[in-house]
Amino acid sequence: GFCVIIAWGILHLPIKQIFLVCFVVILTSSYFIMTFIRTLYWKDTVTYLEKVVETTDFHLPPYVLALEYVNKKEYSMALILFKKALVSIPYKSFVYNDIGNIYYLQNELDKAIVSWNDALKDDIQNPQPYFNLGLAWEQKGNWPTALIYYEKFLTVAKPPLPIHEVRLRIQRLKAKINTER
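Parameters at a glance
- Residues take numbers from 1 onward in each chain, read along the sequence in its written order.
- Only residues with pLDDT of at least 70 get local features here, since the model is predicted, and only at 80 or more are side-chain atom pairs given and counted; chain-wide, interface and lining totals rely on the full set of residues.
- Side-chain measures here rest on the full set of heavy atoms in the structure, leaving out hydrogens and waters.
- Basic side-chain nitrogens of Lys or Arg form a salt bridge, by our definition, when they fall within 4 Å of a carboxyl oxygen of Asp or Glu.
- Helix numbers and strand numbers start at the N terminus; a helix is a DSSP run of H or I with at least 4 residues, a strand a run of E with at least 2.
- Residue burial is assigned from relative accessible area. The probe radius is 1.4 Å, only protein chains are included, and a residue is buried under 20% of its type maximum, exposed over 50%, and partly exposed in between.
- To estimate the expected span of a helix, count its residues, drop one, and scale the result by 1.5 Å.
- Contacts are assigned to residue pairs with any non-hydrogen atoms lying within 4.5 Å of each other.
- N or O atoms closer than or at 3.5 Å make up a polar contact, with two conditions inside protein: a donor-capable atom paired with an acceptor-capable one, and, for residues adjacent in sequence, both atoms drawn from side chains.
- Helix axes are fitted only over the stretch in contact, all axes being lines through C-alpha atoms; the angle between N-to-C directions runs from 0 to 180 degrees.
- To sort the angles, those under 35 degrees are grouped as roughly parallel, those over 145 as roughly antiparallel, those from 65 to 115 as roughly perpendicular, and the leftovers as oblique.
- What makes a crossing left-handed is the near helix being turned counterclockwise from the far one by less than a right angle; a clockwise turn instead makes it right-handed.
- The residue classification treats Ala, Val, Leu, Ile, Met, Phe, Trp, Tyr, Cys and Pro as nonpolar and Asp, Glu, Lys and Arg as charged. All others, Gly included, are polar.

A.B. asks: Could you clarify how one ought to interpret the pattern of salt bridges in this entry?
C.D. replies: Pairing of side chains with opposite charge becomes possible as their charged atoms draw close. In this structure the tally under the stated criterion is seven salt bridges. Here Lys121 and Asp118 are joined by a salt bridge, their closest N and O atoms 3.5 Å apart. Residue Lys121 and its partner Asp118 are both found in helix α7 (residues 109–122); the two are separated by three residues, about one turn of the helix. Note on Lys121: relative accessible area 69%, which makes it exposed. The network of salt bridges with common partners includes Glu138, Glu165, Arg169 and Arg172.

In structure tokens:
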């Protein structure tokens, strides 16, 4: 593409404009090469965020990097970074919720329940821990406790959260509890 521009310039433009076109082509090519080299250096989002986390105490990079590790299913690194973010992040509820989610994915329900309760201590209006606690207690077979958390979820949740799904779960759990009596 650049050769065509230069050839067109040589054929149709006065010498002063030819130099201007060549200068623009060289400048554009240099910028493209430098941008390409920088992308090779950073490789991916995780590499970039790891470098940022090393150089700052700001709470957001460890949190975002932890989310990237969750996406890669590297839960142990995600837990370390979530805990690092907890030190300085002002709103801890979502971080505790994410920590609980990791424990849940690792089938450590008791640790997950503790984390989700910590999330509620920080913000009782966060609906996610209520839903997660409902799931955990349902999975543990404690249906009355699961019902309590699902009902609390419905009091604070707003769409697009799975409100309809939770209502169905509540109906199903109430039916199970009634059949066991």
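This is not the end of the story, as more comes after the structure.
A.B. asks: Would you mind going over helix α8 (residues 127–139) with me for this structure?
C.D. replies: Side chains three or four residues apart in an α-helix point the same way, a direct result of the helix having 3.6 residues per turn. Between its first and last C-alpha atoms α8 spans 19 Å; for 13 residues at 1.5 Å apiece the expected length is 18 Å, and the two agree. By the criterion of burial, α8 is predominantly enclosed, with ten of the 13 residues buried. Residues of α8 that are buried sit in contact with α6 (93–105), α7, α9 (143–156) and α10 (163–180). At the N-terminal boundary of α8, the capping side chain belongs to Asn126, with an oxygen 3.2 Å from the backbone nitrogen of Gln128. Two residues or fewer after α8 comes Gly141, characterised by a positive phi angle close to 90°.

A.B. asks: How should I be thinking about the packing of α9 against α10 in this particular structure?
C.D. replies: In a packed pair of helices, the relevant descriptors are the angle between the two axes and the axis-to-axis distance. For the pair α9 and α10, interaxial distance at closest approach is 10 Å and the crossing angle is 155°. Classified by the angle between their axes, α9 and α10 sit roughly antiparallel to one another. The handedness of the crossing between α9 and α10 is left-handed. Only Ile163, Val166, Arg167, Arg169, Ile170, Leu173, Lys174, Lys176, Ile177 and Glu180 of α10 make contact with α9, whose side of the interface consists of Trp143, Pro144, Ala146, Leu147, Tyr150, Glu151, Phe153 and Leu154. Residues belonging to the contact of α9 with α10 are distributed by class as follows: twelve nonpolar, no polar and six charged.

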